[in-house]
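Observations on the model geometry
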Amino acid sequence: MRQIFLLIVSLYIVLGAHAATDSTKIDFAAFKYWNKLLGFDLSSDGQWAYWRMQYDSNTDSLFVQHTENNRHYKFASASMPEFSKDGQWIAFSEPTPDGADKGQASYQITLLNLRSGIKKTFSGVERFSFVENTKFFLLLSSKGRTSDVTLYHLETLTSKLLNGVNDYCFSPDGRYLAYLMSTPESEVSSQMEVLDLRTNHFLFSKIPQGKYAKMRWTAHGIILVKSEPEKDVVVLQPFKGSVKCLSEVIGTALPQGMEVSLRYTPVWDEQGKALFFGLSNKRKQGGDAENSVEIWHWKDEQVFSRQQDRYYEDISKSKLCIWRLEQNSWRILEDSTVTSVIGASADSDWLLCINDKPYRPQFREPIRDIILKDTRSGQSQTLLKATALFPRFSDEGKYVFYFDSGKWVLKNFRSGKQFEVSPGEKYSLIDNTYDGGVEIQPSWGFIGFTNHDKTFLFYDEYDIWSVSLPELKYKRLTNGRERGIRFRKAGRGKFELSSKQILYGKNDTGETGFYRFATNDNPKLLVGGQYSYSRLIWNKAQTRCLFSREENNVSPALYYMDGQGKESRLLASTHKSDSIPRLSKSRLVKYKGSNGELLQGALFFPADYQEGKSYPMVVHLYERLSKELNHFVYPSPREAYNAMNYVLQGYFVFQPDISYVRNHPGESAVTCIRHALRAVYRSYADIDSLRVGVLGHSWGAYQSVFFAARTSLFAASIAGAPLVNMQSMYNSIYWENGKTNQELFETGQARLRHPWWVIPDAYRDNSPLYFANDIKIPLLLSFGKEDKAVNWAQGLELYLTMRRLGKPCIMLAYPDEGHTISIPKNEEDQALRYMQFFNAYLKHQTPPKWITQGKSYMEMKAPAESKNTVTETTVK
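The structure presented is a predicted model; accordingly, all values stated were derived computationally and were not measured. (Residues numbered from 1 in each chain as written. Predicted model: local features only at pLDDT ≥ 70, side-chain atom pairs only at ≥ 80, totals over all residues. Heavy atoms only, no water.)

Our next topic: the overall build of the protein chain. Broken down by element type, the protein chain carries 15 helices and 55 strands. Taken against the 2.2 N^0.38 rule, which gives 29 Å for 876 residues, the C-alpha radius of gyration of the protein chain at 31 Å falls within 12% of a compact globule. For the C-alpha atoms alone, the extent of the protein chain along its principal axes is close to 90 × 70 × 70 Å. Restricting to contacts in the protein chain with at least 6 residues of sequence separation, those with at least 24 account for 53%. Accessible area for the protein chain stands at about 41000 Å²; split by element, carbon and sulfur atoms hold 49% of it. (Helix = DSSP H or I, 4+ residues; strand = E, 2+ residues; numbered from the N terminus. Rg over C-alpha atoms; globule rule 2.2 N^0.38 Å. Contact = heavy atoms within 4.5 Å. Areas by Shrake-Rupley, 256 points an atom, 1.4 Å probe, with all protein chains shown as cover.)

What follows is the structure, encoded as structure tokens:
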């Protein structure tokens, strides 16, 4: 009966028998109800906040406000704001006023004293920044191959101009500015000056003449990389008058045909005693070979397309070397016994390396030997054999650690002792939500080492743990398991075992929050609830904070909060007016997955929802989308997969989680969605199960087509860049990087762990193409004709099959577009057509002509239609 009903509906649509509103014009309500919060920051002293607000697609404003007395400033079309390090100034870019001499730039830099309100503007400036720990403001203006640098003193309000600067850097404490100058005769850097910003005195440093490509001032000296006349690394300690050149150390021992690499930026070890640098092959001169035929050989370690993709990277690849300055010695570390380097120990004495040569060519997950290399003697030892594990050094280099078989393995390679870290079966460290293509047992993650490598911090599903070494004394640092909250470290930097450390928490109901760490294992909630938070920004003393909060039905708003979470107040709202449609709070729907585990999906209600009224629904698929539960999505006429677009047009939108069974990706997705839709229909009778469409892009599009072919759950399907034939897709190239899709299939999203000739039934059963004859609903496909991820030939396979079967199928083909449609006019075209398609088949509105009749090439080339370059191929 359902199939007969759908057929009748389709006939009505094609014949235009159902009278409805003209659906060719759709108001996507972009900026109609909400402004957009673009960015925000808090001054270091916590007294000032700024935020940027966008009012429509072309206008925005910068707001600067005192956090206590509401004193504020507003600047139209200002961008790139930055507070000074002491919080007393702000600088930003803004358009040059009409009538002013704009010179080479249409914008100017404005510097504002936040206390006095006095402004100063600078024109012809390309970059600006406040200098760390000083009262200087730096402005840079390009002059050909060199630049003019202006240092503006924020107290004396005086300027110092440095002409002809090739490059510059500041000392770590911000007191000194080092810069390379050009000689009057040429633009080659030949002079280096160091300016003391406190005394205004100069120090002239003698360096080898030449052109320098990079310079960086570190705690151990200034590193300069020379590019001409020969490539070299120079280490300068300006206050000691010390200049050391790598070329003098290497001398004639440089391997023939090699040179210092300009692509590898030299870095110090933790103690500043050794410098890592790279050697690369000299670039050969001359054009391409006359014979351009490609030879794709079955013995190639990498397929020819991958060789092409990596050509420039391979010819300029650096071999890692070490320069020990005190001993005046050097060594090539990345020799023929290794193929790449993972990392170095803090003291630079040891290197973790990879050797995958014995396992080439590789078609699945990378198998390799892990080598521990002594950088002094050059001797090596095999740490792990034929493994896909990824070990790392601890912070101070005492341990090598990795996760294996549910435990963290910590190896002290100096003493030979090994520790296996696991707090017991009750607190499993294995992430049981993983359902990827590789048979591994991933962990819930780790924070790392602290306390001079004496303590290791790691996660279980809910909590943060510490283990002291070598005693193996465990401590659970949070009480998330009892509270049903998953605690994780928030922000960057070292983990602090004090109340300064901020944690992020999330529970199974979708509530999130930020907490202060507490040594009594009971983190204190600062702010939280059924919301989504973009970030927390603290002042230096952590006494004040800014954060943005949103819900699915409440647009982002900026809040100010004290350091203990006791006071919170609104600074800026993005609500535009009181005429905003009434949006209901999103709901979590729980159901069982393909493996019997508990999954959930986010359900969004149509605008101005009325209980008892019948509504259509769009199911948006990818892998796990329930995380969008509390996110606010701005409507946009350029976003074809925008949930708010459909909510405002009167649709329910359901974004479910899907779990997969290896070798059965499509079939296991069907199991999940059957359970999910049953749960949705049981809970919400207002959803008309006969007016439900499915939508997806890429992997989500594959599922959208698969559901159309293997189920009768949906009334219409839209698929952007779908895979349709697993066998032909397996035997193709992923042109984004030149790899074969064989590797991606056996280890990635497809989860087909064996070649098609080993499990041919699995490839067929999970390919919607082979079930095209069973498709009984209208199908809309969309492809970019330059798609290098999913070739549009996949779409052609299905379209031509559907055409031959005489089944309703339309394919949109966008020239000059890739895997995602990105040209603005094409984005708008795709979003409009998606909505029109669903409106026709789920709302039964009169469809536009392109749905009922398509558009011929002759019509497309007509002058009146020349602006639209999309190709529409339609099965009538």
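Right, let's get into helix 12 (residues 793-805). Over its 13 residues, helix 12 extends 18 Å from the first C-alpha to the last, a length consistent with the 18 Å expected when each residue adds 1.5 Å. A positive phi of about 70° marks glycine 806, the residue just after helix 12. (Expected span 1.5 Å × (residues − 1).)

With that settled, consider the domain arrangement of the protein chain. You can read the domains of the protein chain as domain 1 (38-256) and domain 2 (587-861). Centre-to-centre, using C-alpha coordinates, domain 1 lies 49 Å away from domain 2. (Domains from an automatic or database assignment.)

Read across the sheet, 4 strands follow the order 29-30-31-32 without closing on themselves; strand pairing throughout is antiparallel. Since the sheet does not close on itself, it has two edges, and those belong to strand 29 (392-393) and strand 32 (418-421), each with one partner. Sheet topology note: the strand 29/strand 30 (residues 400-404) ladder contains 2 bridges and is antiparallel. Within strand 30, the residue paired with phenylalanine 393 across the bridge is valine 400. (Pairing = 2+ DSSP bridges.)

Okay, the environment of tyrosine 459 next. Within the secondary structure, tyrosine 459 is located in strand 34 (residues 455-459). Excluding residues that lie within four positions of it along the chain, tyrosine 459 makes contacts with Leu429, Trp444, Gly445, Phe446, Ile447, Ile464, Phe487, Arg488 and Lys489. Among the polar contacts listed, one links the side chain of tyrosine 459 to the backbone nitrogen of lysine 489, at a separation of 3.0 Å. (Polar contact = N/O pair within 3.5 Å; in protein donor to acceptor, adjacent residues only side chain to side chain.)

To continue, consider the sheet that holds strand 2 (residues 48-54). Spatial strand order, 1-2-3-4: 4 strands in an open sheet with antiparallel pairing. Looking along the sheet, the strands with just one partner apiece sit at the ends: strand 1 (36-42) and strand 4 (72-76). Each strand of the sheet is rotated relative to its neighbour by a mean of 15°, with strand direction disregarded. Across 6 bridges, the pairing between strand 1 and strand 2 is antiparallel. Bridge pairing links phenylalanine 40 to tryptophan 51 in strand 2. (Axes fitted to C-alpha atoms, helices over the stretch in contact; angles between N-to-C directions.)

Another aspect to go through is the side chain of asparagine 507. Inspection of the secondary structure puts asparagine 507 in strand 38 (residues 502-507). Within polar-contact distance, the side chain of asparagine 507 engages the side chain of threonine 509 at 2.7 Å. Residues within four places of asparagine 507 in sequence aside, it is in contact with Gly484 and Ile485.

This brings us to the confidence of the model for the protein chain. Summing up the model confidence of the protein chain, the mean pLDDT is 91 and the portion of residues at 70 or higher is 94%. Scored below 50 in pLDDT, residues 1-23 shows 35 contacts in the model against residues more than four places distant or in partner chains. (pLDDT = per-residue confidence, 0-100.)

Residue proline 361 is bonded to the preceding arginine 360 through a cis peptide linkage, with omega at -10°. Its location among the elements puts proline 361 in the loop between strand 26 (350-355) and strand 27 (368-374). Here leucine 469 and proline 470 are connected by a cis peptide whose omega angle stands at 5°. Following the sequence through the fold, proline 470 ends up in the loop between strand 35 (464-468) and strand 36 (473-476). Although it is not a glycine, alanine 29 adopts a positive phi angle of roughly 60°. Within the secondary structure, alanine 29 is located in the loop between helix 1 (2-15) and strand 1. Here alanine 29 falls in the buried class, since its relative accessible area comes to 8%. For aspartate 453, which is not glycine, the phi dihedral falls at a positive 65°. On the secondary structure map, aspartate 453 appears in the loop between strand 33 (446-450) and strand 34. Judged by relative accessible area, aspartate 453 falls into the buried class, the value being 2%. (Buried < 20%, exposed > 50% of the residue type's maximum accessible area, 1.4 Å probe, protein only.)

This brings us to the packing of aromatic side chains. Aromatic ring pairs are defined here through the distance separating the ring centres and the angle between the ring planes. Taken as a whole and judged by the stated rule, the model has 63 aromatic pairs. Their ring planes at 70° and their centres at 5.1 Å tell us that phenylalanine 605 and tyrosine 609 sit as a pair that is edge-to-face. Through a chain of ring-to-ring contacts, the aromatic side chains of Tyr399, Phe401, Phe403, Trp408, Phe419, Tyr427, Phe446, Phe449, Phe456, Phe458 and Trp465 assemble into a single cluster. In this arrangement the basic side chain of arginine 710 is found over the ring face of phenylalanine 771, its NZ or CZ atom lying 4.0 Å from the centre. (Phe/Tyr/Trp six-rings, centres within 6.5 Å; stacked < 30°, edge-to-face > 60°. Lys NZ or Arg CZ within 6 Å of the ring centre and 35° of its normal.)

Let's shift gears to the side chain of glutamate 94. Along the chain, glutamate 94 falls in strand 6 (residues 89-95). One buried charge, glutamate 94, has no salt-bridge partner; the nearest side chain with opposite charge is lysine 119, at 4.4 Å. The contact partners of glutamate 94, leaving out residues within four places of it in the chain, are Phe75, Ser77, Ala78, Tyr107, Gln108, Thr110 and Lys119. (Lys, Arg positive; Asp, Glu negative; His and termini not counted. Salt bridge = Lys/Arg side-chain N within 4 Å of Asp/Glu carboxyl O.)

Moving on to helix 7 (residues 665-683). Helix length check: helix 7 (19 residues) gives 27 Å between terminal C-alpha atoms against 27 Å at 1.5 Å per residue, within 8%. Among all positions in helix 7, only Pro665, Gly666, Ser668, Ala669, Val670, Cys672, Ile673, Ala676, Leu677, Ala679 and Val680 are buried.

Summed over all chains, the structure comprises 39 salt bridges. Between arginine 310 and glutamate 313 there is a salt bridge whose closest N-O contact spans 3.8 Å. With relative accessibility at 18%, the residue arginine 310 sits in the buried group. Taking the relative accessible area as the measure of exposure, glutamate 313 reaches 42% and is therefore partly exposed. Here arginine 486 and glutamate 461 are joined by a salt bridge, their closest N and O atoms 2.8 Å apart. One end of the pair, arginine 486, is in strand 37 (residues 485-489); the other, glutamate 461, is in the loop between strand 34 and strand 35, and 25 residues separate them in sequence. Take glutamate 461: its relative accessible area is 17%, and that puts it in the buried class.

Let us look at the state of the cysteines. Here, the word disulfide means a covalent bond between the sulfur atoms of two cysteines. For the structure shown, the criterion picks out 0 disulfides. Cysteine 169 supplies the cysteine sulfur nearest to cysteine 245, a cysteine that is in no disulfide, at a spacing of 16 Å. (Disulfide = S-S within 2.5 Å.)

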